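Reading the structure
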Amino acid sequence: MSDTAPAAPQFADLGLPAPLLEALASLGYETPSPIQAEAIPTLLAGSDLLGLAQTGTGKTAAFALPVLAGIDVSLRATQALVLTPTRELALQVAEALQRYAQNMRGFSVLALYGGSAFAPQFKALERGVHVVVATPGRLTDHMRRGSIKFDNMRFLVLDEADEMLKMGFADDLDAVFEKVPATTQKALFSATMPAGVRTVARKHMKDPKEIRLHSGKTSSLDTITQKVWEVSNHHKLDAMTRLLEVEPVEAMLVFVRTKTASMELAERLEARGFSAAALNGDLSQQLREQVVDRLKRGLLDIVVATDVAARGLDVDRITHVLNYDLPHDSESYVHRIGRTGRAGRTGTAILFATPRERRLLHLLEKATGQKIEPQQLPSADAVRTGRLSKLAKRLNTARENTGALQQQLVNDLLELTNMDSNELAASLLAILPSAKTLVEPVADLPAAPPRRETSDDRDSGLVRYKVQGGRSNGLMPKPLVDALVRHARLQRQQIGHIKMFTEHTGVYLPPLDDATLAKLSTIEINGVALQIRAWPLPPGETDRPPRSSRPPRKDFPSKPRAPRPPRSE
Ligand code: AMP
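Cut-off values and rules
Residues numbered from 1 in each chain as written. Predicted model: local features only at pLDDT ≥ 70, side-chain atom pairs only at ≥ 80, totals over all residues. Heavy atoms only, no water. Core = buried A, V, L, I, M, F, W, Y, C linked by side-chain atoms within 4.5 Å. Buried < 20%, exposed > 50% of the residue type's maximum accessible area, 1.4 Å probe, protein only. Contact = heavy atoms within 4.5 Å. 1 Å grid on protein atoms, 1.4 Å probe; cavity = no way out; pocket = protein on both sides within 12 Å on 5 of 7 lines; lining within 4 Å. Points joined across faces, edges and corners; volume = space filled by probe spheres on them. Helix = DSSP H or I, 4+ residues; strand = E, 2+ residues; numbered from the N terminus. Nonpolar A, V, L, I, M, F, W, Y, C, P; charged D, E, K, R; others polar. Domains from an automatic or database assignment. pLDDT = per-residue confidence, 0-100.

We now examine the nonpolar core. Formed by 43 residues in total, the largest nonpolar core has its most connected members in Leu65, Tyr100, Val131, Val133 and Phe189. When sequence neighbours within four positions are dropped, the list of residues in contact with valine 131 reads Val67, Ile71, Ala80, Val82, Leu97, Phe107, Ser108, Val109 and Leu110. Among the nonpolar cores identified, the runner-up in size contains 31 residues, and Leu112, Leu139, Met193 and Met205 belong to it.

By volume, the second largest pocket amounts to about 1100 Å³. Contributing to the lining of the second largest pocket are 32 residues, with Thr241, Leu244, Glu245, Phe274 and Lys390 lying nearest its centre. Broken down by element, the lining of the second largest pocket gets its largest block of residues, 7 residues, from helix 15 (residues 380–400). Of the residues assigned to the lining of the second largest pocket, the class counts are 13 nonpolar, 6 polar and 13 charged. Two domains each put at least three residues into the lining of the second largest pocket: domain 2 (224–378) and domain 3 (381–436).

Any region with low pLDDT has predicted coordinates that should not be read closely. Overall, the prediction assigns the protein a mean pLDDT of 85, with 88% of residues at 70 or greater. In this model, residues 1–5 is a region of pLDDT below 50 whose contacts with residues beyond four sequence positions or in other chains number 13 contacts.

Glancing now at unusual backbone geometry. A positive phi angle is found at aspartate 207, which is not glycine, with a value near 40°. Positive phi outside glycine occurs at arginine 489, with the angle close to 50°. Within the secondary structure layout, arginine 489 lies in the loop between helix 19 (477–487) and strand 16 (498–500). You can call arginine 489 exposed: its relative accessible area is 54%.

What follows is the structure in structure tokens.
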């Protein structure tokens, strides 16, 4: 084996307590990701932290593990608060905390987000939960109602801080920072570092240690073509099976994140009839060498590996590297894909990326100096054509090995069966095991759902409304939002883009019923009646950028908000 990377740090070296190390071992984590290797000791030492990190880098564990290390389970009080921009992320973080705390008896975590009933949340908070993971809107509601206590708060974490600021939560974040005790340790993670995020850090954090993943130097990988398939976690195995049908794979090295995942995937591939094996750090050196040797000799076609176990792997037969799970940083990526395109051959590197992981792709493109081309998942038709051409290729090869003996057999069969040669060929196909898939129906794989960019309940399906009054009447977005929240019983996060014109204003909202529209039209803002009506866009027209590239919302001024009466839900 050649080009061995330097030894990675181990979780055991980071100062984490035994129950957490045991949990990581049972989850099959092999080594800390780069952000974890830096953030965990920093947070354990008590420093504030400012981390520039995308989803997929392992940032959740980077804060979750030190937070858990500092929780006193015997104290039934909220000791850590994690803020996330979306409900989806709040749930993910809460689940991750639960997983890492699997050996901390009595530990509890609660996710608070808009759109869910308050009553169970009050009860849980009253009983005492150790960690609260919340979206800012819902947290502010609880703060106003006094249902969440801050006296024992040891940690405050902001996850995806840039997203929360984009969504207009600057005031709410300020309020939270002001509410926690001065001794609270703070960590802020953000995928980008705009001025707003720096301002929050400067205002509220004590000498934060700054961690950013260096993007690695650009490596020349001229012999490798890179492609990305967007696929949700749920459909990765089906997508991989399809990939194996349409790509001219001789041997494939598949990368996953954990030892457990490598075993499971290898087993599932074997169950589907592929010759696959796992390669991970739990295998003895001897077993690992055996796997590599079988791959070299063509006795195995697919190896499912972790980064650690595949370090330096050098097998010419590998035509494809599949990043089944994305790596945590660009250096691992460059190393992974360098396992193909060796010995003067060309290679293909394919990535499966979930919609949330799109951001990480830019880092990988930067590190490899190449564009990673998005690919459509092969259609059912492409799969059928792929299967047919593979069989045609095999038949052509077989023809070279047929002779008088086979001709005689065909003649005998034609006579015995009373068929013509077409019928005989069709019947042979019907009993030929490798032709079985040709008659099976092929379903189209569902495309991955688009990334939900925005808050709790904001989703597609917003409708444009026109409000009387615009800049010339002194109408501002904030009082408009407040009025909509109060009188249309909307969550602030449900309100979409607002565009002010001179005499009127456009606002995107979830569909409102007639009674709500009538009620809103009786409201006045600055003495102007808020007359609101649906304002459909002409067919095919759009006056706002698509969600994924929407500019930051500047339309919410970051002045303190007037207190709102509590809403009943
Ligand atoms: P995150 O960036 O926090 O969203 O994490 C991305 C994924 O990596 C999650 O599925 C984690 O469970 C997984 N993960 C995080 N840290 C590690 C690690 N050290 N080894 C293997 N998998 C990890």
